[in-house]
Amino acid sequence: LSADAQNEFPRLVRSTVTMGDHDDETVTRQRAEHKILVRSPAMAELVERFVDARLYIIDAAENEEPRVGVAHEALLRCWPRMAEAIDSDRHFLKIRCRIARAARRWRDDGEEDALLLPSGVQLEEGRDMLESRWDELSNLEVRFIERSSEFETEEEQKRLRRLQLVTVAFASLALIAMVAGFNA
C-alpha cells in the first residue's frame, strides 16, 4: 500500500464502524456508501486492497448504491490495528453515532424543529464535526447539523427582537414618566 493509502486507514475505520445505542460502548460494523467513501485515489486503493484480501466487502441491494463494510465483526476486536484506530477515535464515534440517531429521528418524524440539536454542547459538537470532518458525515447528518445551526440563529434573532421591543417599551415608559413628572 502507498503511504497515502495507509494514512486513509483511520478514516476508513471511522466510516465503517459505529457505536451501540444509548451510550453503549459496543462497536459494531456499518456500511458506508462507496461513492462517498472513495473520494480520493488513496482511499480507492485502500478499499480495493482490503476487498481483495477479504477484510472488507462491497455490496449493493437492488436499486441501491454500492456500500463498503467490514467483512467480519471479529476484525473489530481481533485486528490490533483496527482496534487501536477505533479506540483512538472513540469520542468521535460516540458523537457521530448520537448525531446520526438524532438525524434519522428528525427525518423520520417530518424534520420537526423540536427534534434538532439543542443549543450548547451537542450543537457545538455537531458544528465541530461539520467543520473538521464533514466528509465523514452522511448527507442527512450534514443537513441536520446545518438546520440545527440555522434554527439556533433564528431563535437568537427572535430573542434579540423581543429584547429590543422590551427595551423600547421601557424607554417609552420612562419618557412618559419623565414628561408626566415635569407637567405635575
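Keep in mind the model is a prediction, meaning the values are calculated, not measured.

A look at the packing of aromatic side chains
Within the structure shown, the criterion is met by 5 aromatic pairs. Three or more aromatic residues link up through ring pairs in this structure, and these residues are F9, F50, Y56 and W79. The ring of F92 is capped by R14, whose NZ or CZ atom sits 5.9 Å from the centre of that ring.

Overview of the nonpolar core
One finds L12, V13, L37, Y56, M82 and I86 to be the most contacted residues of the largest nonpolar core, which totals 40 residues. Of all the elements, helix 7 (residues 90-108) adds the most residues to this core, at 7 residues. Dropping the residues within four chain positions of it, L12 is found in contact with L37, M43, L46, V47, F50 and Y56.

Looking at the sheet that holds strand 4 (residues 56-59)
Here 3 strands make up an open sheet; going across it, the order is 3-5-4 and the pairing antiparallel. With partners counted over all chains shown, the strands left at the sheet margins are strand 3 (32-33) and strand 4, one partner each. Where strand 4 and strand 5 (residues 67-70) come together, 4 bridges link them in antiparallel fashion. Looking across to strand 5, one finds that Y56 is bridged to V70.

What about the confidence of the model for the protein?
Mean pLDDT over the protein stands at 90; residues scoring 70 or higher make up 97%. Helix 3 (residues 34-37) is the least confidently modelled element of the protein, averaging 87 in pLDDT, while helix 4 (residues 41-52) averages 96, the highest of any element.

Remarks on the pattern of salt bridges
The final tally for this structure, using the stated rule, is 18 salt bridges. Between D113 and R147 there is a salt bridge whose closest N-O contact spans 3.1 Å. Note that D113 is positioned in the loop between helix 7 and helix 8 (121-133) and R147 in helix 9 (residues 139-183), a separation of 34 residues in sequence. Here E154 makes a salt bridge to R147, at a shortest N to O gap of 3.1 Å. Classification of E154 by relative accessible area gives partly exposed; the value is 33%. A relative accessible area of 18% means that R147 is categorised as buried. Where salt bridges share partners, they join R14, D89, R133 and E136 into one cluster.

A word on unusual backbone geometry
If you check the backbone angles, R54 has positive phi at about 65° while not being a glycine. At E111, a position not held by glycine, the phi torsion is positive, near 55°. By relative accessible area, which is 33% here, E111 ends up partly exposed.

Thresholds applied
- Residues numbered from 1 in each chain as written.
- Predicted model: local features only at pLDDT ≥ 70, side-chain atom pairs only at ≥ 80, totals over all residues.
- Heavy atoms only, no water.
- Phe/Tyr/Trp six-rings, centres within 6.5 Å; stacked < 30°, edge-to-face > 60°.
- Lys NZ or Arg CZ within 6 Å of the ring centre and 35° of its normal.
- Core = buried A, V, L, I, M, F, W, Y, C linked by side-chain atoms within 4.5 Å.
- Buried < 20%, exposed > 50% of the residue type's maximum accessible area, 1.4 Å probe, protein only.
- Helix = DSSP H or I, 4+ residues; strand = E, 2+ residues; numbered from the N terminus.
- Contact = heavy atoms within 4.5 Å.
- Pairing = 2+ DSSP bridges.
- pLDDT = per-residue confidence, 0-100.
- Salt bridge = Lys/Arg side-chain N within 4 Å of Asp/Glu carboxyl O.

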